[in-house]
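Understanding the architecture of this molecule
Single-letter residue listing:
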Amino acid sequence: MKRQYRVVVAKPGLDGHDRGAKTITRALRDHGFEVIYTGLHQTPEQIAETVLQEDADAIGLSLLSGAHLTLFPRVVEELDERGLDDALVFGGGVIPDADVRVLKEQGIAEIFQPGASLKAISRWLESELDERTD
C-alpha cells in the first residue's frame, strides 16, 4: 500500500443488518486502511458529508434491503454535488447480477456479493487506490 488510505463504510437507508459492514470494516483495518464506520440508517447526504469531513479516499456501501438501485446512485449524486467525484465507491450485499451491471454504469466501481473473500476485497481496494495515487 502506497500510503494509509481512508475509507468510509456506510449503511444507507433503513437496512438494520450491519454484520457485513462491521466485518468488512475490521478486515480493511487489519489490512492497513483507516476506516470510519458511520453506523446504521445513514442518508445519502449524511454519507457524503462524512466522506467530505473525513477526507476519505473511498466509500464502501453495504445494503441488504433491496434498495441498492435507489440508494447507491443517490450517494454518488451527493458526492458529485460536493465535488467528491474522485472518491472510489464500492458496495456489497445481496445484489442480483443484472443490478450489478446497472450500478457499475452509474458510477459504482465494484460490487461484492455474498461469499466474496475479505482478502480479495482488501487487495482490490488497495490496488485501485494505489493506481489512482500514481
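Above: the structure in question.
Thresholds, definitions, all that
- Residues numbered from 1 in each chain as written.
- Predicted model: local features only at pLDDT ≥ 70, side-chain atom pairs only at ≥ 80, totals over all residues.
- Heavy atoms only, no water.
- Buried < 20%, exposed > 50% of the residue type's maximum accessible area, 1.4 Å probe, protein only.
- Helix = DSSP H or I, 4+ residues; strand = E, 2+ residues; numbered from the N terminus.
- Arc of directions from axis to C-beta.
- Contact = heavy atoms within 4.5 Å.
- Pairing = 2+ DSSP bridges.
- Right-handed = clockwise from strand over helix to strand, strands pointing away.

Another aspect to go through is helix H4 (residues 97–105). What sets the pattern is the α-helix's 3.6 residues per turn: residues three or four places apart point alike. Listed as buried for H4 are Asp-99, Val-100 and Leu-103. Burial along H4 is one-sided: seen end-on, the buried residues are contained in an arc of 105 degrees. Across from the buried face of H4, at angles greater than 90 degrees, the exposed residues are Asp-97, Arg-101 and Glu-105. Looking at the buried positions of H4, the neighbouring elements they touch are helix H3 (68–81) and strand S5 (110–112). A positive phi of about 105 degrees marks Gly-107, the residue just after H4.

Here we take up the pairing of strand S3 (residues 58–63). Burial runs high along S3: 6 of the 6 residues are buried. In S3, alternate side chains face the same way, and those of Ala-58, Gly-60 and Ser-62 on one face and Ile-59, Leu-61 and Leu-63 on the other are all buried. Direction of pairing for strand S1 (residues 6–10) relative to S3: parallel, over a ladder of 4 bridges. Bridge pairing in S3 links Val-8 to Ile-59. Sheet analysis places S3 next to strand S4 (residues 88–93), joined by 6 bridges and oriented parallel. Along S4, the bridge assignment pairs Leu-63 with Gly-93. Viewed along the sheet, the connection from S3 through H3 into S4 turns out right-handed.

Geometry only, nothing functional implied.
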